Amino acid sequence: MRRRVQNFGPPLLLIAPTVVLVGVFVYGLIAVNINTSLTDRHTRAPADGYVGFENYTTLFSDDDFQHALGNLLLYTLAFLVGALFFGFLWAWLLERGARGEGFFRTVYLFPMAVSFIASGVVWRWLLNSAEGDRASGINRLLESTGLGFLQNSWWADPDWGILALTLPAIWQLSGYVMALFLAGFRGVPEELREAARMDGVSEWQLYRHVIFPQLSPVALSAIIIVGHMSLKVFDLVMAIAGQTNYTTQVPATQMWIEFTRGDYALSAAIGTVLLVIVAVLIVPYLVYTYRQERQR
């Protein structure tokens, strides 16, 4: 018994503060949020009692929330496709020995150092919806280069406005995805490449049958990271379109609106729904990673 205490005591004491903090400020607050979502606290006054899943039923029957979920789906799909495409393309070009690699890596990674709020302020001007002589930002550029027919209302578009917000998101995260894929490219052993070349494969066949399959774990990690960030989008929408713009409404902004109104129960219900959506994406990845580690 004493030997076990000597072996496990110091490590347990080392991680104890972190376990307590995470338990209280992460899982404890999640439990409080779920508890609030089951009450009738629709004002700033204390709750009178529990209403079960009534808040969730109200939420999913609400047209505004359905619209917000649809926007979130469009945003996530466009963000994922755009970030993965450009990130992979840049990594592939750099991996093939482009000149000035250090410069281009810095340029591509720089947007990551900028917060979504700061970049959102700039992109709000770039994506200004004014057209014609009053145009500014990208619309002004299109007008001055003779491409005025491409002008549009961007995030103010009533049907596809949410897709305009994926432009700054893709610009900001593509460099990170590039870094992931570039590390994956550089992780492929040179011996594997040489063996394939000795077998007479072309350069395209080398990438298609040897290198690209080696990048599947990297691609999965990129999908998980970018996907969960897109599902929680809030600051970028607030910085560009604001909380009252119905066109770009997403669950996180709707949660903030309900919270500022004092409807804590409905706000907590939206937060719980977001938590479940993110968990559906993250938990299978964690299980997959754990099984892979066990097999090793």
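Owing to the predicted nature of the structure, the values given are computational and were not obtained by experimental measurement.

## Thoughts on the pattern of salt bridges
Next up, step 1: Summed over all chains, the structure comprises five salt bridges.
Next up, step 2: Ionic pairing is found between Arg193 and Glu95, a salt bridge with its closest N-O pair at 2.9 Å. Taken together, the residues Arg193 in helix H9 (residues 190–198) and Glu95 in helix H3 (residues 63–95) connect sequence positions 98 residues apart. Accessibility classification places Arg193 together with Glu95 in one group, the buried group.
Next up, step 3: In this structure, Glu190 and Arg193 form a salt bridge, with 3.9 Å as the shortest nitrogen-oxygen distance. Taken together, the residues span about one helical turn, with Glu190 and Arg193 both in helix H9 at a distance of three residues.

## A look at the UniProt feature "transmembrane region" (unreviewed entry) in the protein chain
Next up, step 1: Using the residue numbers shown here, the UniProt feature "transmembrane region" (unreviewed entry) corresponds to residues 12–34, 72–94, 106–126, 160–185, 206–229 and 264–288.
Next up, step 2: In residues 12–34, the share of helix is 100% and the share of strand is 0%. The end C-alpha atoms are 30 Å apart.

## Observations concerning the packing of H9 against helix H10 (residues 203–214)
Next up, step 1: Close contact between H9 and H10 brings their axes to 10 Å; oriented N to C, the two are set at 145°. Seen along the crossing, H9 lies across H10 with a hand that is right-handed. Between H9 and H10, the residues in contact are Leu192, Arg193, Ala196 and Arg197 and Glu203, Leu206, Tyr207, Val210, Ile211 and Gln214, respectively.
Next up, step 2: Grouping the amino acids of the contact of H9 with H10 by side-chain chemistry returns six nonpolar, one polar and three charged.

## Concerning a nonpolar patch on the surface
Next up, step 1: Where nonpolar side chains cluster on the molecular surface, the patch consists of Val20, Leu21, Val22, Val24, Phe25, Val26, Tyr27, Leu29 and Val32 and spans about 850 Å² of accessible area.
Next up, step 2: Note on placement: Val32 falls in helix H1 (residues 2–37).
Next up, step 3: We classify Val32 as partly exposed; its relative accessible area is 48%.

## As for the layout of surface pockets
Next up, step 1: If you add up the space inside the largest pocket, you get close to 270 Å³.
Next up, step 2: Among the elements of the structure, helix H13 (251–261) and helix H14 (264–295) are those that each provide at least two residues to the lining of the largest pocket.
Next up, step 3: When residues of the lining of the largest pocket are assigned to their parent elements, the largest contribution, four residues, is made by H14.
Next up, step 4: A breakdown of the residues in the lining of the largest pocket according to their chemical character gives five nonpolar, one polar and one charged.

Thresholds, definitions, all that
- Residues numbered from 1 in each chain as written.
- Predicted model: local features only at pLDDT ≥ 70, side-chain atom pairs only at ≥ 80, totals over all residues.
- Heavy atoms only, no water.
- Salt bridge = Lys/Arg side-chain N within 4 Å of Asp/Glu carboxyl O.
- Helix = DSSP H or I, 4+ residues; strand = E, 2+ residues; numbered from the N terminus.
- Buried < 20%, exposed > 50% of the residue type's maximum accessible area, 1.4 Å probe, protein only.
- UniProt positions renumbered as here; feature names shortened; annotations may be inferred.
- Axes fitted to C-alpha atoms, helices over the stretch in contact; angles between N-to-C directions.
- Left-handed = near helix turned anticlockwise from the far one by under 90°.
- Contact = heavy atoms within 4.5 Å.
- Nonpolar A, V, L, I, M, F, W, Y, C, P; charged D, E, K, R; others polar.
- Patch = residues over 30% accessible without salt bridge, like charges linked within 9 Å, V, L, I, M, F, W, Y side chains within 5 Å.
- Areas by Shrake-Rupley, 256 points an atom, 1.4 Å probe, with all protein chains shown as cover.
- 1 Å grid on protein atoms, 1.4 Å probe; cavity = no way out; pocket = protein on both sides within 12 Å on 5 of 7 lines; lining within 4 Å.
- Points joined across faces, edges and corners; volume = space filled by probe spheres on them.

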